[in-house]
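Inside the fold
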There are 2 protein chains.
Amino acid sequence: MGLNSNRVENFSGNEATIIRVSTTDSTLLPPPPLEVHSVCLPPKTTTFQKLKHRLSEIFFPDDPLHRFKNQTLLRKLVLALQFLFPIFQWAPEYDLRLFKSDVISGVTIASLAIPQGISYAKLANLPPIVGLYSSFVPPLIYSILGSSKHLAVGPVSIASLVMGSMLSETVSYSQEPILYLKLAFTATFFAGLFQASLGLLRLGFVIDFLSKATLVGFMAGAAVIVSLQQLKGLLGIVHFTTKMQFVPVMSSVFKQKDEWSWQSFVMGVIFLIFLLTTRHISIRRPKLFWISAAAPLTSVVLSTTLVFLLRSKAHGITIIGRLPEGLNPPSSNMLYLSGPYLALAVKTGIITGILSLTEGIAVGRTFATMKNYQVDGNKEMMAIGLMNMAGSCSSCFVTTGSFSRSAVNYNAGAQTAISNIVMATAVLVTLLFLMPLFHYTPNVILGAIIITAVIGLIDYQAALRLWKVDKLDFLACICSFVGVLFISVPLGLAIAVGVSVFKILLHVTRPNTTVLGNIQGTHTYQSLSRYRVASKVPSFLILAVESPIYFANSTYLQERILRWVREEEEWIKENNQSALKCLILDMTAVTSIDTSGIDALVEIRKMVEKRSLKLVLASPVGNVMEKLDKSQTLDSFRSNGLYMTVGEAVADISSLWKCQP
Amino acid sequence: MGLNSNRVENFSGNEATIIRVSTTDSTLLPPPPLEVHSVCLPPKTTTFQKLKHRLSEIFFPDDPLHRFKNQTLLRKLVLALQFLFPIFQWAPEYDLRLFKSDVISGVTIASLAIPQGISYAKLANLPPIVGLYSSFVPPLIYSILGSSKHLAVGPVSIASLVMGSMLSETVSYSQEPILYLKLAFTATFFAGLFQASLGLLRLGFVIDFLSKATLVGFMAGAAVIVSLQQLKGLLGIVHFTTKMQFVPVMSSVFKQKDEWSWQSFVMGVIFLIFLLTTRHISIRRPKLFWISAAAPLTSVVLSTTLVFLLRSKAHGITIIGRLPEGLNPPSSNMLYLSGPYLALAVKTGIITGILSLTEGIAVGRTFATMKNYQVDGNKEMMAIGLMNMAGSCSSCFVTTGSFSRSAVNYNAGAQTAISNIVMATAVLVTLLFLMPLFHYTPNVILGAIIITAVIGLIDYQAALRLWKVDKLDFLACICSFVGVLFISVPLGLAIAVGVSVFKILLHVTRPNTTVLGNIQGTHTYQSLSRYRVASKVPSFLILAVESPIYFANSTYLQERILRWVREEEEWIKENNQSALKCLILDMTAVTSIDTSGIDALVEIRKMVEKRSLKLVLASPVGNVMEKLDKSQTLDSFRSNGLYMTVGEAVADISSLWKCQP
């Protein structure tokens with residue numbers, strides 16, 4: 001195909017000019033003649049076939065069974081086993097080299113997981129030991145079921161915070177510790193059940209409604225709250241509010257001034273500076289990841305030793321106290337499946353479930369993309385859900401893939417989910433033999449560890465980018481930030497999701513309509529305001545409708561299109577141009593239409609014809625054609641009212657006018 | 001422009017064939033060479049300009065001030081007066097001929113309005129006289145402010161039913177009649193306030209969310225409930241449920257069997273048959289509209305006379321009783337603006353406000369289209385709102401334009417809103433002098449009038465059409481029908497709106513992607529599955545994405561597009577075709593993108609490049625270009641990654657491959 005073009009690319013230039021150098025002067029020649037093609041209906045399908053297609057697009061967009069096609073029965077069995085238990089995909093090729101990497105990374109994340117586990121349990125107002133239990137059973141289950149190779153499983157800050165905040169608003173963890181613990185396990189159970197159901201029912205798209213913009217704001221808000229809450233430990237305050245909003249937390253801090261303890265504060269600040277410094281170093285030089293990875297355990301060891309040595313003098317510093325030794329006790333008998341707080345447990349479970357799922361899947365996808373392998377969203381949901389259900393029966397609270405620990409895992413060279421098993425083994429050893437060592441660990445160090453962990457969640461650069469690229473996304477972000485900070489976690493999230501959905505609806509309710517012009521020398525039609533080489537075609541008004549036509553916008557579009565016609569006619573009058581004779585609607589972007597939309601089209605046609613204009617539809621998509629056909633509207637566009645492209649419409653109609661002026 | 005085409009139109013044929021006869025054999029020739037145009041960014045605008053444009057599209061799509069442009073000050077004043085009070089538009093040209101038409105139609109609708117007014121007041125559990133008051137003040141106000149010439153204003157069945165049902169679920173109208181009356185006036189006030197605010201704030205699109213599909217179901221459900229409720233009057237039952245759902249109403253009917261009165265039933269059935277017959281005649285022959293228009297008043301006169309004559313014998317027939325004579329008493333002192341029921345009044349006001357607004361505007365638009373004049377939605381809202389606010393201060397309950405009476409008005413030859421003034425005058429005369437005549441009017445006749453009025457709301461043909469054209473619209477319809485019938489009016493409506501919104505979201509969450517092929521002999525690309533003349537271009541996969549790319553579908557699109565690539569590669573392998581080298585995304589229908597969407601595009605690019613494919617975007621719309629530019633994503637598409645049309649992309653890239661194989 002011979003091309004006589006020679007292009008200057010300038011699409012990011014400041015002006016809306018188009019620079020376009022052609023080797024021939026063909027711009028001045030008329031474009032070659034066009035043939036006219038009639039517009040086809042899509043192949044007929046029955047309602048059942050349509051429903052089947054629609055459902056398979058909703059639930060099986062990834063066609064999960066395609067691997068099974070054209071395989072022998074044995075191979076199908078093996079594939080099914082691998083499908084259900086991803087461990088069988090890589091286990092046959094597992095070797096010593098991989099194992100060495102996994103041991104190193106597993107031990108590294110264990111050194112992080114142990115202090116973080118204890119800290120996050122405190123964040124959820126649960127006994128510290130529950131955090132260790134939660135770093136043992138769930139990782140083991142995930143390593144068999146999960147499809148990510150780098151996810152480090154365990155308790156995470158956001159879900160712990162949300163569980164703590166939602167439960168303690170109704171039940172006091174200090175006055176009714178057993179009930180609180182029961183509710184925590186029950187919420188974990190429902191979180192798991194919800195997650196596994198989403199995966200099983202392939203409803204994974206539910207978590208897509210937490211857009212990145214929403215999450216940026218939410219995580220920043222949660223990080224601020226969590227950090228402020230740690231003032232309790234840092235200042236050594238004993239009587240602290242159980243509420244999670246900004247105002248009560250801050251007022252609680254300043255009301256309890258007499259409980260402030262300088263010893264605690266000094267120690268907290270010193271270790272906080274230490275942790276933040278190591279974090280900063282590791283961010284600057286990813287190779288030195290082990291510095292920040294080792295820092296929390298180092299801080300725990302150092303501070304515990306210090307408190308142990310000074311134990312007769314350090315009165316202001318509260319310590320963890322005795323932790324029970326031994327493995328996870330079963331807790332299935334503690335599930336709270338009937339009674340007045342069941343609704344609370346279910347609600348907490350669903351919200352922590354969604355949040356932890358979002359985090360887990362996002363983290364899994366991030367590292368999978370880096371190493372170029374696929375993570376199956378629905379399978380991940382099942383894996384995370386099942387590990388939480390199992391966890392709820394073995395004294396664990398809600399767990400998922402942690403971003404910070406997964407990053408360390410990845411940097412430490414983890415190759416497979418075995419690193420999770422190594423980590424679980426390290427936690428097992430701790431649970432069995434090392435618990436007494438944590439007796440003198442000061443609470444303030446846990447606060448410092450939590451602050452260091454959550455501070456990375458405040459991603460102001462992402463917020464800045466949202467502001468720059470999409471103001472409405474930024475609004476969703478700010479709404480969820482403010483909502484979480486000042487109202488409550490579920491309401492803040494609901495508002496942010498509401499804003500995101502509102503944005504979609506706004507786009508549908510007030511769609512764009514653009515006037516198109518002919519690009520000289522071609523049969524292409526593009527926006528007149530964007531392309532200077534585009535020019536109006538006399539007697540035609542060509543409008544592109546940039547949205548499906550629905551009940552929500554049918555009235556608006558009717559009004560707006562008539563306004564375009566009115567304005568065009570006024571312009572023609574003022575400029576003494578040839579009279580308007582034809583309105584062409586470019587339907588390419590009208591990807592769907594409903595009954596109200598069809599009525600609107602009929603209405604537009606009537607109104608346009610009263611002004612003695614012809615209405616023409618150009619390039620309607622398949623399902624719009626189908627609906628027009630079914631509603632018998634198509635017949636009225638039969639004679640020169642329907643074309644495959646705008647170009648053909650203009651060419652054919654002008655030639656008709658020439659024949660019969 | 002010379003055209004060598006000769007078309008056979010077959011677009012509604014049963015098969016997806018395209019019949020296309022060309023006079024030359026150019027189909028076999030390659031299409032003429034293409035020049036390549038670079039893709040422009042839209043003209044730069046500041047955030048403020050963009051916001052201004054966006055807001056003006058949201059709130060002023062009809063550009064209401066365009067009439068004021070380039071006018072003298074005096075003319076502007078006159079226009080402003082006409083703008084605020086549409087009566088000044090036609091009053092100067094009003095003459096005796098028009099007045100004669102208006103008197104005839106005004107008297108006709110008065111004969112309908114008086115019995116209906118009394119009936120609908122009973123439907124709302126209000127004293128019958130309130131129905132007459134409501135047919136006096138609001139029509140007068142509407143005739144000054146309203147822009148429809150044919151709307152007959154007064155109480156309507158749906159709004160009366162909803163008000164009655166919502167209020168009487170909390171407050172008993174028989175035990176606390178004064179409180180109930182107060183709440184009714186207050187709800188009317190808030191309905192008016194809400195309507196006027198919608199108009200003033202130009203938020204008219206709120207009512208667009210009640211799609212026609214929803215309304216068809218809702219009205220049918222309401223009509224069934226209203227008709228069943230009339231069994232109370234028809235059977236002469238005294239103790240009847242105040243609930244509105246199907247189950248309690250039916251059980252109430254059969255529980256009170258001992259209260260059934262055969263006299264009442266016989267009379268009711270006879271008049272019902274009479275009314276339905278006249279209705280049937282008028283539907284068959286619109287010219288005989290006066291038969292059904294006169295029937296209600298005739299029934300009232302006949303039945304009242306009958307009861308008066310038989311007054312010593314007809315024990316089973318309850319009568320209206322004494323009605324006070326005189327004009328509307330002021331009721332502004334009865335507004336209930338603080339106290340425990342305020343929330344109920346506000347809620348009832350908002351829901352009846354939305355419903356009556358929807359009916360009024362739909363009716364206004366219907367008749368305006370018939371006579372080819374414009375009804376301004378926002379102005380109508382203000383007019384209806386103000387008339388309800390004024391009504392609430394003069395003992396009226398919620399009113400709007402009634403469909404049945406407006407149709408009679410139109411058929412009787414109404415020319416202007418003067419017919420409303422004539423009707424109000426007739427009601428005035430009735431209020432002042434004729435009230436004693438209604439003393440013996442039997443309640444059963446009111447039931448018969450209501451049933452006849454609402455039975456027309458059951459539009460099963462519209463429901464059938466919904467089923468045929470759009471299954472999801474049908475679902476919304478059924479949901480609102482079932483919801484209203486079995487749950488409650490507000491919940492039924494909420495469910496139906498939810499279904500409608502869900503439909504929009506579903507379309508966005510799971511958008512269509514279509515493989516495009518080249519239409520032989522052109523540079524046009526269309527769906528391969530629809531057009532048989534479309535053929536695959538070797539080494540290219542061309543996908544049209546049929547939706548904006550948002551957070552809600554970015555993950556899905558990523559997966560789906562990769563699946564297309566995978567399937568295409570498998571197909572190529574099986575069929576020994578030339579290897580896939582380029583993926584073109586036709587972005588024409590991607591009318592918007594958010595930050596998640598941009599991330600998805602970047603992600604798709606990465607994944608596609610890992611399979612050594614090139615990703616090309618074709619014909620992105622203006623605001624997508626803008627966002628790509630702002631997020632610095634555009635740069636990565638700079639070298640041969642962005643084209644104005646798919647045709648140019650294919651031509652240019654294939655020629656590049658030829659140069660550097």
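Residues numbered from 1 in each chain as written. Chains lettered and ligands numbered in written order. Predicted model: local features only at pLDDT ≥ 70, side-chain atom pairs only at ≥ 80, totals over all residues.

- An unreviewed UniProt entry annotates chain A as STAS domain-containing protein of Eucalyptus grandis.
- Quoted verbatim from the Subcellular location (unreviewed entry) heading of the UniProt record, the comment on chain A is "Membrane". (UniProt positions renumbered as here; feature names shortened; annotations may be inferred.)

1. Quick word on the overall build of chain A
- Assigned secondary structure in chain A consists of 26 helices and 11 strands.
- Projected onto the principal axes, the alpha-carbon positions of chain A cover approximately 105 × 65 × 60 Å.
- Counting every position in chain A, which comprises 661 residues, the buried fraction comes to 51%.
- Partitioning the intrachain contacts of chain A with sequence separation of at least 6 by distance along the chain shows that 80% fall at a separation of at least 24. (Helix = DSSP H or I, 4+ residues; strand = E, 2+ residues; numbered from the N terminus. Buried ≥ 20, exposed ≤ 12 C-beta atoms within 10 Å, placed from the backbone. Contact = placed C-beta atoms within 7 Å.)

2. Regarding the nonpolar core
- With 375 residues, the main nonpolar core has Ala184 of chain A together with Ala184 of chain B as its most contacted residues.
- In contact with Ala184 of chain B, other than residues within four places in its own chain, are Ala124, Leu126, Met163, Leu167 and Phe397 of chain B. (Core = buried A, V, L, I, M, F, W, Y, C linked by C-beta atoms within 7 Å.)

3. Section: the domain arrangement of chain A
- What the domain assignment lists for chain A is domain 1 (98–458) and domain 2 (511–659).
- Taking only C-alpha atoms into account, the centre of domain 1 of chain A sits 58 Å from that of domain 2 of chain A. (Domains from an automatic or database assignment.)

4. Observations concerning the relation of the copies chain A and chain B
- Superposing chain A onto chain B requires a rotation of 180° together with a translation of 0.1 Å along the rotation axis, leaving an RMSD of 0.1 Å. The transformation relating the two chain copies, once decomposed into turn and shift, fits a two-fold axis. Closest to the rotation axis within chain A is the C-alpha of Ala589 of chain A, separated from it by 2.0 Å.
- Looking at chain A, 98% of its interface residues are interface residues in chain B too, so the copies touch through the same face. (Least-squares fit on C-alpha atoms with pLDDT ≥ 70 in both.)

5. Thoughts on the interface of chain A and chain B
- Contacts between chain A and chain B engage 104 residues on the former and 103 residues on the latter.
- Its residues placed into classes, the side of chain A that touches chain B shows 41 nonpolar, 35 polar and 28 charged. (Nonpolar A, V, L, I, M, F, W, Y, C, P; charged D, E, K, R; others polar.)

6. Section: the UniProt feature "domain: STAS" (unreviewed entry) in chain A
- When the UniProt feature table is mapped onto this chain numbering, "domain: STAS" (unreviewed entry) sits at residues 530–653 of chain A.
- Summarising residues 530–653 of chain A: 47% helix, 16% strand, and an end-to-end C-alpha distance of 26 Å.

7. Quick look at the pairing of strand β9 (residues 582–586) of chain B
All names here are of chain B.
- In terms of burial, β9 is a largely internal element, 5 of the 5 residues being buried.
- Residues Cys582, Ile584 and Asp586 line one face of β9 and the alternating positions Leu583 and Leu585 line the opposite face, and both faces are buried.
- Note that strand β8 (residues 540–545) and β9 share 5 bridges and pair parallel. Note on β9: the bridge partner recorded for Phe540 is Cys582.
- The parallel pair β8 and β9, bridged by helix α23 (residues 551–575), forms a crossover whose chirality is right-handed.
- Where β9 meets strand β10 (residues 614–618), 5 bridges bridge the pair, whose relative direction is parallel. Across the sheet, the residue bridging to Ile584 is Val616, located in β10.
- Regarding the hand of the β-α-β motif, the stretch spanning β9, helix α24 (residues 595–610) and β10 is right-handed. (Pairing = 2+ DSSP bridges. Right-handed = clockwise from strand over helix to strand, strands pointing away.)

8. Notes on helix α15 (residues 342–370) of chain A
- Here α15 of chain A is 29 residues long and its end C-alpha atoms lie 41 Å apart, about the 42 Å a rise of 1.5 Å per residue gives.
- With its phi angle positive at about 60°, Asn372 of chain A sits one or two positions after the end of α15 of chain A. (Expected span 1.5 Å × (residues − 1).)

9. Concerning the environment of Asn328 of chain A
All names here are of chain A.
- On the secondary structure map, Asn328 appears in the loop between α14 (289–309) and α15.
- For Asn328, a count of 19 C-beta atoms within 10 Å corresponds to the partly exposed category.
- Once the C-alpha coordinates of Asn328 and Leu432 are considered, the two residues, 104 residues apart in sequence, prove to be 10 Å apart.

10. Some details on the packing of helix α7 (residues 157–168) of chain A against α15 of chain A
Residue and element names in this part refer to chain A.
- Interhelical geometry of α7 versus α15 gives an angle of 170° and a closest axis separation of 9 Å. Taken together, the axis directions place α7 and α15 in an arrangement best described as roughly antiparallel. For the pair α7 and α15, the contacting residues are Ile158, Ala159, Val162, Met163, Met166 and Leu167 in the first and Thr348, Ile351, Thr352, Leu355, Ser356 and Glu359 in the second.
- When its residues are assigned to classes, the contact of α7 with α15 shows 8 nonpolar, 3 polar and 1 charged. (Axes fitted to C-alpha atoms, helices over the stretch in contact; angles between N-to-C directions. Parallel < 35°, antiparallel > 145°, perpendicular 65-115°, else oblique.)

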